[in-house]
Amino acid sequence: MLRASAVCEKAGVPTTSLVCEGFIGQAAATSIGLGMPTMPVAFVPGHTGAQSKDELRRNILGVTVDRVIDNLTAAPATARETSEPGARDIVFSGGFDAVNRYFYEHEFSDGLPVVPPTREKVAEFLRHTDRDADEVLGVILPDSRAATIWSIAVNGVMAGCRPEYMPILVALVEAMLDPAYGVEHSGNTPGGETLIILNGPIIKELGFNYTQGVLRDGFLPNTSVGRFWRLYIRNVAGFLPHKNDKATFGNTWRVVLAENEDVLNKIGWEPNSVEMGFKNGDNTVTIARYTGGNLVSSVSGSTPEEMMPYLTDAVVKQTSWQIMFTVGMGMGTLRPLILLSPILAETLAKAGWSKHKVKQYFFDHARMTAFHFERQLRDWTLKPIWNLAEEVRAGRIPKIFHESNDPDRMVPIVWKPEDFMIAVSGDPLRTNAYVFAHNGVLAYTVGRRIKLPKDWQPTLGK
Amino acid sequence: MSSTDNDGHYAALWPRSPRQTRLNKLAARLATLEGKTVAQLWDYLFRGDEVFALLEEGLKAKYPGIRFVSWRDIGNTHGSDERAVLAALPKKLKELGVDAAISGMGC
């Protein structure tokens with residue numbers, strides 16, 4: 001909304017942005033990153049979602065209209081440049097506790113102690129990339145800061161990463177900068193958290209956990225790389241809670257999910273990296289943000305026919321408001337992730353099921369009634385304009401969403417079978433799965449190949 | 001403190017990175033909204049359709065000659081279409097003769 005306003009202002013069209021009461025602080029922080037710190041906002045009392053029609057009318061006519069007029073006719077305050085440290089400046093010198101106190105007080109840390117980022121430590125990280133330290137990979141919203149190799153190294157040090165992880169960290173920031181991912185939405189109110197999926201020989205070379213407890217902290221590479229992501233989102237993208245990060249509840253960072261490629265190769269299923277367009281054996285990262293999920297415990301059965309109905313039921317149950325990313329805000333951008341333990345994948349593969357066949361089953365059977373689908377969009381999530389019939393007539397969504405007017409017809413939760421993602425990891429011999437609820441277009445799934453420096457010789461475990 | 005409690009000594013670097021935006025000037029404001037054309041930019045969220053209808057009512061009561069370009073004629077400024085819609089916006093505003101814009105909903 002503010003990005004739209006900024007485009008207008010740059011085009012010489014004065015704007016006012018309608019901002020609910022709880023979002024005034026976020027608007028102020030975002031405006032700074034857009035280079036327009038005094039861009040005017042029109043106050044909307046409370047939250048429109050919780051107001052009766054009479055209350056809304058009273059608030060808009062009694063309060064907001066006058067703010068709109070002021071914003072469009074009165075000159076806003078003059079903005080002034082603020083000064084900040086330089087890219088390579090030392091901002092504090094002292095002992096471990098004092099550095100951490102300073103970093104915490106200046107909102108540089110996540111609340112846990114960080115490794116002080118010294119020149120010596122950063123230099124160790126830079127030795128594990130061929131890239132120039134000053135190279136700018138891109139500019140990250142909302143703060144519009146430069147994503148540099150240097151800043152990646154600094155935050156990698158802070159997160160407790162080992163220098164050898166640097167190629168992974170660079171790939172992650174490259175993925176973060178992919179416009180399809182939409183990093184600028186990382187402070188949205190659902191407050192989801194990014195999951196990093198790792199593929200390739202680098203899993204074993206750097207000692208990532210890819211078996212039991214794969215999503216549990218306690219494994220240095222999985223944990224510290226996950227923490228790096230959140231620190232970079234905080235320090236360089238600029239998502240700070242109570243400012244640009246408006247997560248209603250939020251999550252802590254997720255540890256890295258490394259796939260079990262031994263099992264995948266054994267059963268003939270392609271790893272996630274191949275699904276993302278890379279070659280089997282490439283070192284890759286895949287990122288997407290998920291607002292939640294749930295374990296699917298004790299999947300019983302020795303055949304796909306016995307197992308799939310339960311898994312399918314779990315997929316549907318993890319898809320409620322998220323269908324606004326199927327039809328509505330996202331338009332075909334919902335990509336639910338189903339994480340299978342190795343024994344489940346092996347059982348499916350033993351029966352001759354490919355990954356594609358599993359996805360096709362989900363597409364054919366993970367459905368909900370059109371009535372429920374539309375009710376969520378129209379009545380429950382405050383988007384009164386959505387209507388499946390109208391969207392199909394306009395050619396904006398696939399015809400399968402309106403093959404009749406029967407409100408009890410079953411419609412899919414994604415546009416095509418390939419929208420489902422399947423990963424394999426976790427306890428090799430436990431029959432559990434996990435379904436992740438995706439944040440759609442606001443954190444779309446993207447992947448990057450990890451480029452290793454010349455003379456790559458990881459020294460871990462040696 | 002550091003020299004006496006085995007706490008070490010660290011010269012810690014700035015973990016942020018320089019901003020790449022300079023201050024941009026805001027557009028000149030209007031002397032009045034009377035006779036002006038105001039575009040409604042909506043992210044299709046949080047009852048913006050109702051809010052814009054109420055704003056139209058309130059603004060027309062004070063400026064009878066004000067005109068509006070509906071959000072229906074602009075497209076969703078958020079979500080899948082955001083980049084395309086925003087890229088096309090300056091040209092569209094010019095073609096539609098827009099003098100000012102109201103953008104919502106930040107909720």
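Here goes a summary of the coordinates provided. (Residues numbered from 1 in each chain as written. Chains lettered and ligands numbered in written order. Predicted model: local features only at pLDDT ≥ 70, side-chain atom pairs only at ≥ 80, totals over all residues.)

Here the focus is the overall build of chain A. A count of helices and strands for chain A gives 16 helices and 14 strands. Against the 2.2 N^0.38 benchmark of 23 Å for 462 residues, chain A shows a C-alpha radius of gyration of 24 Å, consistent with a compact globule. Projected onto its principal axes, the C-alpha coordinates of chain A cover approximately 70 × 65 × 35 Å. Buried positions account for 54% of the 462 residues belonging to chain A. Across chain A, every contact between residues at least 6 apart in sequence was considered, and the portion connecting residues at least 24 apart equals 78%. (Helix = DSSP H or I, 4+ residues; strand = E, 2+ residues; numbered from the N terminus. Rg over C-alpha atoms; globule rule 2.2 N^0.38 Å. Buried ≥ 20, exposed ≤ 12 C-beta atoms within 10 Å, placed from the backbone. Contact = placed C-beta atoms within 7 Å.)

Moving on: the sheet that holds strand 2 (residues 41-44) of chain A. Strand order across the open sheet formed by five strands is 2(A)-1(A)-4(B)-2(B)-3(B), with parallel pairing between neighbours. Of all strands in the sheet, those with a lone pairing partner are strand 2 of chain A together with strand 3 (67-69) of chain B, marking the two edges. Adjacent strand axes in the sheet meet at a mean angle of 25 degrees when their direction is disregarded. Sheet topology note: the strand 1 (residues 15-20) of chain A/strand 4 (residues 100-106) of chain B ladder contains four bridges and is parallel. The residue bridging Thr16 of chain A from the neighbouring strand is Ile102 of chain B, located in strand 4 of chain B. Against the sheet, helix 1 (residues 48-62) of chain B touches strand 1 of chain A together with strand 2 (37-42), strand 3 and strand 4 of chain B, its axis set at about 140 degrees to strand 4 of chain B. (Pairing = 2+ DSSP bridges. Axes fitted to C-alpha atoms, helices over the stretch in contact; angles between N-to-C directions.)

Glancing now at the packing of helix 6 (residues 149-159) of chain A against helix 9 (residues 220-237) of chain A. All names here are of chain A. Look at helix 6 against helix 9: their axes get within 8 Å of each other, and the N-to-C directions meet at 125 degrees. Judged on the interaxial angle alone, helix 9 and helix 6 are oblique. Like other packed secondary-structure pairs, helix 6 and helix 9 cross with a definite hand, here right-handed. Contacts from Ser151, Asn155, Gly156, Met158 and Ala159 of helix 6 reach helix 9 at Ser224, Arg227, Phe228, Leu231, Tyr232, Asn235 and Val236. Residue classes in the contact of helix 6 with helix 9 are distributed as six nonpolar, five polar and one charged. (Parallel < 35°, antiparallel > 145°, perpendicular 65-115°, else oblique. Left-handed = near helix turned anticlockwise from the far one by under 90°. Nonpolar A, V, L, I, M, F, W, Y, C, P; charged D, E, K, R; others polar.)

With 58 residues of chain B at the interface, the matching set in chain A holds 88 residues. Sorting the residues of the side of chain B that touches chain A by element identifies strand 1 (10-13), helix 1, helix 2 (82-95) and strand 4 of chain B as the ones contributing at least two each. Across the side of chain B that touches chain A, the residue classes break down as 32 nonpolar, 16 polar and 10 charged.

Once that is clear, we can look at the pairing of strand 4 of chain B. Residues and elements named next belong to chain B. In terms of burial, strand 4 is largely enclosed, as seven of its seven residues are buried. As defined by bridge partners, strand 2 adjoins strand 4 across five bridges and the pair is classed as parallel. Counted as the bridge partner of Val38 is Ala100 from strand 4.

Among the nonpolar cores identified, the biggest contains 165 residues, and Leu169, Leu172, Ile196, Ile338 and Ala433 of chain A are the most heavily contacted of them. Those residues in contact with Ala433 of chain A that lie beyond four places of it in its chain are Val296, Val299, Leu311, Ile338, Leu339, Leu340, Ser341 and Leu344 of chain A. (Core = buried A, V, L, I, M, F, W, Y, C linked by C-beta atoms within 7 Å.)

This brings us to unusual backbone geometry. Most of the time, phi is negative for any residue but glycine, and the peptide bond is trans. The step from Leu141 of chain A to Pro142 of chain A runs through a cis peptide bond, and the omega angle for that step is 5 degrees. Structurally, Pro142 of chain A is set in the loop between strand 4 (136-140) and strand 5 (145-148). Between Gly104 of chain B and Met105 of chain B the backbone carries a cis peptide bond, its omega angle lying at 5 degrees. Looking at the element boundaries, Met105 of chain B is found in strand 4. A positive phi angle, near 60 degrees, is found at Glu107 of chain A, a position not held by glycine. A positive phi angle, close to 60 degrees, is found at Tyr44 of chain B, a residue other than glycine. For Tyr44 of chain B, a count of 22 C-beta atoms within 10 Å gives the class buried.

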